[in-house]
Amino acid sequence: MKRVNGDLLEGDWDVAIQICNSYKCFGSGIAYYIKNKFPEVYQADLDNPYTEDDILGNFSKASISDEQVIYNLYAMWGLGNDGTPGGRNLTYDHFYDGVIKIVEDARNTTDLDTIVVGLPYLAGCARAGGSWLIVDAMLQDIESMYDDVEFHVYELENAETIAHSTIPNDLVKEDEGFFDFDMSEYDGKI
């Protein structure tokens with residue numbers, strides 16, 4: 001696994017993975033930036049065929065060019081993490097199984113000799129409350145299973161600030177999630 005100092009959204013990868021919740025809002029962290037730079041990735045999230053009962057561990061994806069695809073990995077239940085111990089919304093089993101599904105999908109849909117998979121540093125950790133030690137170990141384990149896959153983890157200079165960023169609720173569309181709820185009660189939490 002390779003660490004890259006730089007912006008995942010400007011990276012040199014074949015496949016990128018971002019961790020998503022099931023609320024279809026792309027309202028904070030890297031999802032917010034992906035939504036604005038690559039709206040087709042957000043549209044793939046809106047169009048995913050899953051229900052709240054089967055979404056975790058699955059993915060949606062969108063091609064952003066002839067050479068690059070971004071996957072939305074559904075491995076996060078709930079809206080962010082309030083920072084309290086045990087406040088984790090990342091589901092490790094769904095993360096692990098979902099990354100394997102994505103790698104298999106990428107291997108089956110490309111003829112590249114080596115597939116470079118880009119992920120943001122702290123994927124599933126900052127907003128979803130996972131432990132980077134655990135996520136990093138999972139990625140290393142998965143990468144060891146494949147001779148033709150390399151994980152590149154992109155870290156911005158201010159990665160923790162961006163990962164914990166919040167977006168004003170007036171930018172979040174309330175009617176596009178699985179649940180009918182007022183987003184204002186989550187003010188400052190997503």
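Quick notes on the rules
Residues numbered from 1 in each chain as written. Predicted model: local features only at pLDDT ≥ 70, side-chain atom pairs only at ≥ 80, totals over all residues. Heavy atoms only, no water. 1 Å grid on protein atoms, 1.4 Å probe; cavity = no way out; pocket = protein on both sides within 12 Å on 5 of 7 lines; lining within 4 Å. Points joined across faces, edges and corners; volume = space filled by probe spheres on them. Helix = DSSP H or I, 4+ residues; strand = E, 2+ residues; numbered from the N terminus. Nonpolar A, V, L, I, M, F, W, Y, C, P; charged D, E, K, R; others polar. pLDDT = per-residue confidence, 0-100. Contact = heavy atoms within 4.5 Å. Core = buried A, V, L, I, M, F, W, Y, C linked by side-chain atoms within 4.5 Å. Buried < 20%, exposed > 50% of the residue type's maximum accessible area, 1.4 Å probe, protein only.

## A word on the layout of surface pockets
There is about 210 Å³ of room inside the second largest pocket. If you trace the second largest pocket, you find 16 residues lining it, with Asp14, Glu67, Val69, Thr109 and Thr110 closest to the centre. When residues of the lining of the second largest pocket are traced back to their parent elements, those giving at least two are strand S3 (59–63), strand S4 (69–74) and helix H3 (92–108). Split by residue class, the lining of the second largest pocket holds six nonpolar, five polar and five charged.

## Some thoughts on the confidence of the model for the chain
Counting all residues, the mean pLDDT for the chain is 82, and 78% of those residues have values of 70 or more. In the predicted structure, residues 161–190 sits below a pLDDT of 50 and forms 63 contacts with residues beyond four places in sequence or in another chain.

## Thoughts on the nonpolar core
Judged by nonpolar contacts, the single largest core of 34 residues is most densely connected at Ile17, Ile19, Phe95 and Val99. Of all the elements in the fold, those that place two or more residues in this core are strand S2 (15–20), S4, H3, strand S5 (115–120), helix H4 (132–144) and strand S6 (149–155). At six residues, the largest contribution of residues to this core is made by H3. When residues no more than four places from it in sequence are discounted, the contact partners of Val99 are Ile17, Leu73, Leu139, Ile142 and Phe151. Counting residues in each nonpolar core, the second largest holds 21 residues, with Phe38, Ile55, Ile64 and Tyr74 among its members.

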